[in-house]
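The primary structure of each chain is shown beneath.
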Amino acid sequence: MARDSIESDVSLLTKCYPYGTLPPEVDNEGNIEYKLKLINPSLERLEHLITQMKWRLSEGNGEALYEIGVDDDGTIKGLPVEEMTMSINTLRKMAEVLGADVSIMREFTLKDTMIHKSKIQHKVAEILVRKRPSEDDCQRFTDLRIVLVGGLGAGKSTLLGHLSHGAKDNGRGRARLNLLRHRHELESGRSSSISHEIIGYDSEGKLINYASTNISTWEHVCECSSKIITFLDTCGYPKYLRTTISGLMGYAPDYACLVIAGNAGSVSDMTREHLSIAIMLGVPVFVVITKADLATQDQLRRTLCSLLAILKSPWMKKVPVVVQNEDDVVNYASLFASRRGPELPIFMVSNVSGSNMNLLIQFFNYLPKPTRLDYDELLEEPAEFQIEDVYTLPDVGTVVGGVLCQGRINIKDRHSYHLGPNARGEFIQVQVKSIHRHRMAAPFVHCGQTATLALGDLVGWKLHKGMVLLGSDKAESYMEFEADLMVLYHATGVSTGTCGMIHSGSIRQHARVIKSSLTTSNDGDDEQLSSDMVDLNISSSTSSISNAISSGQQGKCTFKFMYEPCYLRLGAQILFMEGKSKCLGRVTRLIPV
């Protein structure tokens, strides 16, 4: 599969154009292809080019990037206008055979002093090829998950309502009404649960949402789109912080959108908390500042200064850049997604006036799907489906929703799966009756995708969030496990007897440390990270327990769940939290019940 840095470069040409050369082309991986020119190829050559495009599209999850006028070694040579037009027409013929569309992202005219000294104008173009929806392909769209985080009153639900329904807010929360799920949310205006909403883009990059013609359901959005973005709206109220953490860990988002109210004048403590958790989990974060129409110049200045102080701190090492035009969107989308540069995009929008919303919508279109290096290996592993939601539907029975962490599930295989564990650590055998993705029926689901699975009637078996569906021959549950722990911040240090909440995937349960030991050697980067994370919290006294793992130190801890056994796997990431304390770790040993 493609490397993150290769696939994610949506605008590689923009970054390297001033230097006259691009990095050499990678032949055996990635979705980026260099072509000097494509002029009147023979039938045999055309077939080869179509096969090559098909492979690039598969590497990019339905998207490929062509740099026209660039040699294989990365030298930017350019083409005369007539030859560039002919090359793009050839590219369109190739794409048409594969059921894809071509759109020109960027086009540059080379300076005479740069490459050519002749009077003939030479151009170089960057072209996006995206597959169209196909009735024969049930997994026909690229699926991206973005979680919205931020403090209370930042405008997360209103922003999502504007994006998904295309209706401007009236300044009193009208745009968010379609997202609130409970009566008390409508009365208080505070989200207390994770809400899901989607938007789509067709192969030409046009936005598909409920404001589009003949679009009224998720099914309609999916049928018309070649790229789907699922938004997870989290809770900003401190009381529901654990729910927000569950959304960040359980649904495995590809990106996090930090929403800040422009009229706040500063970054709230809860916003800092959400940001620090996203950074700890390795989720790329970009920023959207809302209420730009309501905020005064002084409020915006103070909000930006407070935000910049955080983004430039050593634990982030980011260079904030305000996106002001369409060129900035393309430039910073590639740099942000590839994680090559320190640039972090900031959008200043208004849900009432709609200012700069077009830039944010374009940014979502250009964001690529991150590709894991170990995806092929995970796909061949036994299935592991983490349950996030449980439903009971008439004539269907029990339905579970969540994320497939590894393997694949195909209803045609009629394979039996282990479902559990319950409070006694037991599993039962079940079969998957049907699969739905984005409320559309699908014959299979692959690693990294979200889905809902119908399991039929499960009499006498109580399901809850945190259970798993396993395709392995044997299923075990665990009350105790050992983990390597990095204490980012803890007032008194982590030691034997320390209690806190364990978050790992869909698991959320209190646990106690029954054994701890300090690791003598610390990694310098981790030390710096943890010491800087302390700056986000209120300073406390240094640990007075000699064997405690203090802030900035690493150690090995044995944990014991306090209520019931859970399923864990080796290498799983855990987040150990209680109050302002934050510890990050990896499971290294499992102790069966």
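Residues numbered from 1 in each chain as written. Predicted model: local features only at pLDDT ≥ 70, side-chain atom pairs only at ≥ 80, totals over all residues. Heavy atoms only, no water.

Looking at an unreviewed UniProt entry, one finds the chain named Tr-type G domain-containing protein and attributed to Mucor circinelloides f. circinelloides. Among the UniProt annotations of the chain, the heading Sequence similarities (unreviewed entry) holds the following wording: "Belongs to the TRAFAC class translation factor GTPase superfamily. Classic translation factor GTPase family. EF-Tu/EF-1A subfamily." (UniProt positions renumbered as here; feature names shortened; annotations may be inferred.)

(A) Structural view of the pattern of salt bridges. Applying the stated criterion across every chain yields a total of 17 salt bridges. Arg408 is the salt-bridge partner of Glu380, the closest N and O atoms lying 2.7 Å from each other. Placement of Glu380 in the loop between helix 13 (375-379) and strand 14 (384-393) and of Arg408 in strand 16 (residues 408-410) is noted, with a sequence separation of 28 residues between them. The partner of Lys556 in a salt bridge is Asp484, with the nearest N and O atoms 2.6 Å apart. One end of the pair, Lys556, is in strand 27 (residues 554-561); the other, Asp484, is in strand 24 (residues 478-489), and 72 residues separate them in sequence. Members of the salt-bridge network, linked through shared partners, are Glu33, Lys35 and Arg56. (Salt bridge = Lys/Arg side-chain N within 4 Å of Asp/Glu carboxyl O. Helix = DSSP H or I, 4+ residues; strand = E, 2+ residues; numbered from the N terminus.)

(B) Representation of the nonpolar core in the model. Among the nonpolar cores identified, the biggest contains 45 residues, and Ile146, Phe231, Phe286, Phe347, Phe363, Phe364 and Leu367 are the most heavily contacted of them. Here this core spans two domains, since at least three of its residues come from each of domain 1 (9-131) and domain 2 (142-366). When sequence neighbours within four positions are dropped, the list of residues in contact with Phe347 reads Phe286, Val287, Val288, Ile289, Val323, Leu359, Leu360 and Phe363. Residues Ile245, Met249, Leu281 and Met577 belong to the second largest nonpolar core, which totals 40 residues. (Core = buried A, V, L, I, M, F, W, Y, C linked by side-chain atoms within 4.5 Å. Buried < 20%, exposed > 50% of the residue type's maximum accessible area, 1.4 Å probe, protein only. Domains from an automatic or database assignment. Contact = heavy atoms within 4.5 Å.)

(C) Fine view of the packing of aromatic side chains. Evaluation of the coordinates by the stated rule reveals nine aromatic pairs. Pairing Phe559 with Phe576 gives two aromatic rings, centres 5.0 Å apart and planes at 65°, and the pair type is edge-to-face. Placement of Phe559 in strand 27 and of Phe576 in strand 28 (residues 573-578) is noted, with a sequence separation of 17 residues between them. Across this residue pair, the class does not change: Phe559 and Phe576 are buried. (Phe/Tyr/Trp six-rings, centres within 6.5 Å; stacked < 30°, edge-to-face > 60°.)

(D) How the structure looks around the sheet that holds strand 6 (residues 142-149). Strands sit in the order 8-7-9-6-10-11-13-12 across an open sheet of eight strands; the sheet is mixed. Unpaired on one side and paired on the other, strand 8 (207-208) and strand 12 (319-322) mark the two borders of the sheet. Sheet topology places strand 6 next to strand 9 (residues 227-233); seven bridges connect them, and they run parallel. Note on strand 9: the bridge partner recorded for Val147 is Leu232. Helix 10 (residues 297-311) contacts strand 10 (255-261), strand 11 (285-290), strand 12 and strand 13 (343-348) of the sheet and is inclined by roughly 160° relative to strand 13. Across the sheet, helix 12 (residues 357-366) is in contact with strand 6, strand 7 (195-201), strand 8, strand 9, strand 11 and strand 13; its angle to strand 9 comes to roughly 115°. (Pairing = 2+ DSSP bridges. Axes fitted to C-alpha atoms, helices over the stretch in contact; angles between N-to-C directions.)

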